[in-house]
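Breakdown of the fold
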There are 2 protein chains.
Amino acid sequence: MEFSAVFPIWNKLTPQQQTDIRARLLTRKARVGEIIHNGNLDCAGLMLVASGQLRAHILSPEGREITIYRLFERDICLLSASCVMNSIQFEVIITAEKDTELFVIPPDLFRRLMDESAPMANFANELMASRFSEVMWLMEQIMWKSMDKRVAAFLLEEVSIEGTNQLKITHESIANHLGTAREVVTRMLRYFQAEGMVQLTRGTIEIDQTKMQVKKDGELLLLTLTEYKILVALIKRGTVVTRDMLLEALWDEGGKFVDDNTLSVHVS
Amino acid sequence: MEFSAVFPIWNKLTPQQQTDIRARLLTRKARVGEIIHNGNLDCAGLMLVASGQLRAHILSPEGREITIYRLFERDICLLSASCVMNSIQFEVIITAEKDTELFVIPPDLFRRLMDESAPMANFANELMASRFSEVMWLMEQIMWKSMDKRVAAFLLEEVSIEGTNQLKITHESIANHLGTAREVVTRMLRYFQAEGMVQLTRGTIEIDQTKMQVKKDGELLLLTLTEYKILVALIKRGTVVTRDMLLEALWDEGGKFVDDNTLSVHVS
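This one's a predicted model, so the numbers in the text were calculated from it and none came from an experiment.

**A short note on the sheet that holds strand β7 (residues 93–96) of chain B**
All names here are of chain B. Across the sheet, 4 strands lie side by side as β2-β7-β4-β5; this open sheet has antiparallel pairing. Two strands close off the open sheet at either side, each with one partner strand: β2 (35–38) and β5 (65–71). If you compare each strand with its neighbour and ignore which way they point, the axes differ by 25° on average. Inspection of the sheet shows strand β4 (residues 54–59) paired to β7 by 4 bridges, in the antiparallel sense. The partner of Ala56 across the bridge, within β7, is Ile94. Taken strand by strand, helix α6 (residues 171–178) contacts β4 and β5, and its axis lies near 85° from that of β5.

**Some remarks on the nonpolar core**
A general trend in soluble globular proteins is that nonpolar side chains are found buried together. Counting 114 residues, the largest nonpolar core has Phe7 and Phe110 of chain A together with Phe7 and Phe110 of chain B as its most contacted members. Phe7 of chain B has contacts with Leu13, Leu46, Leu48, Ile76, Ile105, Met120 and Phe123 of chain B, leaving out every residue within four places of it along the chain.

**What to know about the environment of Leu155 of chain B**
All names here are of chain B. Within the secondary structure, Leu155 sits in helix α5 (residues 147–162). Among the residues examined, Leu155 registers a relative accessible area of 0% and is labelled buried. Ignoring sequence-local partners within four residues, the contact set of Leu155 consists of Leu167, Ile174, Leu189, Phe192, Val198, Ile205, Ile207 and Met212.

**Focus on the interface of chain B and chain A**
Tallying the contact residues gives 52 residues for chain B and 51 residues for chain A. Summing the contributions of chain B and of chain A, the shared interface buries around 4,600 Å²; its carbon and sulfur component is 64%. The interface formed by chain B and chain A holds 0 salt bridges in total. Between chain B and chain A we count 12 residue pairs in polar contact (both at pLDDT 80 or more) in total.

**Quick word on the packing of aromatic side chains**
Scanning all chains against the criterion turns up 13 aromatic pairs over all chains. Look at Phe3 of chain A and Phe7 of chain A: their rings are 4.9 Å apart centre to centre, the planes differ by 20°, and that puts the pair in the stacked class. Both residues of the pair, Phe3 of chain A and Phe7 of chain A, count as buried. For the ring pair Phe132 of chain A and Phe132 of chain B, a centre distance of 4.9 Å and an interplane angle of 10° mean the geometry is stacked. Here Phe132 of chain A, found in helix α4 (residues 118–144), pairs with Phe132 of chain B, found in helix α4 (residues 118–144), and the two come from separate chains. Under the relative-accessibility criterion, Phe132 of chain A is labelled buried at 0%. Cluster of aromatic residues (ring-pair linked, three or more members): Phe3, Phe7, Trp10, Phe103 and Phe123 of chain A.

**Brief notes about the pattern of salt bridges**
Residues and elements named next belong to chain A. Enumeration over the complete set of coordinates arrives at 22 salt bridges over all chains. Between Arg70 and Glu158 there is a salt bridge, and its shortest N-O distance comes to 2.5 Å. Of this pair, Arg70 sits in strand β5 (residues 65–71) while Glu158 sits in helix α5 (residues 147–162), and the two are 88 residues apart along the sequence. By relative accessible area, Glu158 is classed as buried at 5%. Because the salt bridges share partners, they merge into one network encompassing Asp20, Arg112 and Glu116.

**What to know about the state of the cysteines**
All names here are of chain A. In this structure the tally under the stated criterion is 2 disulfides over all chains. With its sulfur 1.4 Å from that of its partner, Cys43 forms a disulfide with Cys83. Highlighted residues: Cys43 in the loop between β2 (35–38) and β3 (46–51) and Cys83 in the loop between β6 (76–77) and β7 (93–96), separated in sequence by 40 residues. By relative accessible area, which is 31% here, Cys43 ends up partly exposed. On the basis of relative accessibility, which here comes to 32%, the residue Cys83 falls in the partly exposed class. With no disulfide partner, Cys77 has as its closest neighbouring cysteine sulfur the one in Cys83, 11 Å distant.

**A look at helix α3 (residues 107–116) of chain B**
Regarding α3 of chain B, the residues found buried are Pro107, Leu109, Phe110, Arg111, Leu113 and Met114 of chain B. Among the structural elements, α4 of chain A together with α2 (15–24), β3 (46–51), β8 (100–105) and α4 of chain B are those in contact with the buried residues of α3 of chain B.

**Concerning the side chain of His57 of chain B**
Examined against the element boundaries, His57 of chain B turns out to sit in strand β4. Contact partners of His57 of chain B, with chain neighbours within four places excluded, come to Glu65, Ile66, Thr67, Ile68, Val92, Ile93 and Thr95 of chain B.

**A short note on the relation of the copies chain B and chain A**
Superposition of chain B onto chain A requires a rotation of 180° combined with a translation of 0.0 Å along the rotation axis, giving an RMSD of 0.0 Å. The transformation just described matches what one would write down for a two-fold rotation axis. The C-alpha atom lying nearest the rotation axis in chain B is that of Ala118 of chain B; the distance is 1.9 Å. Here 98% of the contact residues of chain B are again contact residues in chain A; the copies associate through an equivalent surface.

Each value, and the rule that gives it
- Residues numbered from 1 in each chain as written.
- Chains lettered and ligands numbered in written order.
- Predicted model: local features only at pLDDT ≥ 70, side-chain atom pairs only at ≥ 80, totals over all residues.
- Heavy atoms only, no water.
- Pairing = 2+ DSSP bridges.
- Helix = DSSP H or I, 4+ residues; strand = E, 2+ residues; numbered from the N terminus.
- Axes fitted to C-alpha atoms, helices over the stretch in contact; angles between N-to-C directions.
- Contact = heavy atoms within 4.5 Å.
- Core = buried A, V, L, I, M, F, W, Y, C linked by side-chain atoms within 4.5 Å.
- Buried < 20%, exposed > 50% of the residue type's maximum accessible area, 1.4 Å probe, protein only.
- Buried area = accessible area lost by both parts, 1.4 Å probe.
- Salt bridge = Lys/Arg side-chain N within 4 Å of Asp/Glu carboxyl O.
- Polar contact = N/O pair within 3.5 Å; in protein donor to acceptor, adjacent residues only side chain to side chain.
- Phe/Tyr/Trp six-rings, centres within 6.5 Å; stacked < 30°, edge-to-face > 60°.
- Disulfide = S-S within 2.5 Å.
- Least-squares fit on C-alpha atoms with pLDDT ≥ 70 in both.

See below:
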């Protein structure tokens, strides 16, 4: 993968800036589970995911975790460069969820590029706004959604990420993503099994998507992060006037969500 | 108040940009309680608080509220211009908590200035990072703090904002700030009264700061948002090596927090 081909604002940089990046760009590999960025303890720089998957989480003083967002191929990690942005006054920990390859722009170069290039500064702005939006989504989930909906939405998001209904994930890991206790997740999964929505076997959770996404009393049971983003994007563009209209549109005649890719076409 | 004297990056703008702002800058007054910005329904622009106080909150589908941050004199409201930043995919409502006077840069001009000026884009970046940090603080409060500490921290923050120990605020209003039910707040306040930390009379809550800020079992009972920001700023600057050291430093010999202003001197 060529960095210049995947860095979204490459063509808006000056030839000199492009040369500087080429000269100092690093590549880095991380094994699954490895900590890539640890709050204020390091300053990795701006990272682009060439392959693999990253997870950003926060940690309570007692060691409880909650996932605040995840990054996939071609996503860019801004908070690993938070040391060069004074107003970012919080700490996140970023780990590799899969074996990962990264491009890294060193922090001092990233800072200089932001200072001299409006496109670079605006790009950083958009990146921060995206992460901010994901945290606001999470905040709304935590405040207004019951834990059963949060677990179900997480499982459906995992199915979409992994491309399989058979998830190899522990109850403890789900609890760490959602900021709750393992026992809560186990109880929820047993309830889902009783309802026929999942099948639990040793080390595997098999999801019946149709049953899990079904409407309940005419109301949409849940919206995954991806679906939520699409929804807001459509509302912002004026394509959709009300949420109800989109929720209606999201259901095809068979009574289940249309494919994410189909929706992406409408958004991009 | 002269806009040019209080807008932090005024001197980093070109003469032409300054002229454009002068030509199109608006002033706006809002009465206490008035909605200034309502999610995606309007696009007010970049606002600077000349006097008064603003509150940003989110709303659940059932009408529950939670305050995500507040803005005071000379603070700048970025999310009222979220319409010109595509990646901001969430909605906040901004209301006047006191009679407020605002300067407003219209959204199209703000967008143009960001596009052509790296200083302006970086300034927007820092603003967004500040709001993002406040939301992360709130997230940590919600996830890891019990409601008694959150109510106590809110009351102490109010005392600091209002400059008096006698707060005129309803239990319902506190509940809306914290995203909980009125009954929960009332129960908590009665417990605080039994502990001698507050005195409840009709329409007023009188706070005994010394009792409320006291250490409990040698552990710091709570940290208000302001104190937290100071703490993180100091850690980032390398002035303080560990949180424990600062927490130690924050207590004077009388066993209570030193004055916020004293601390601000160290930070700025």
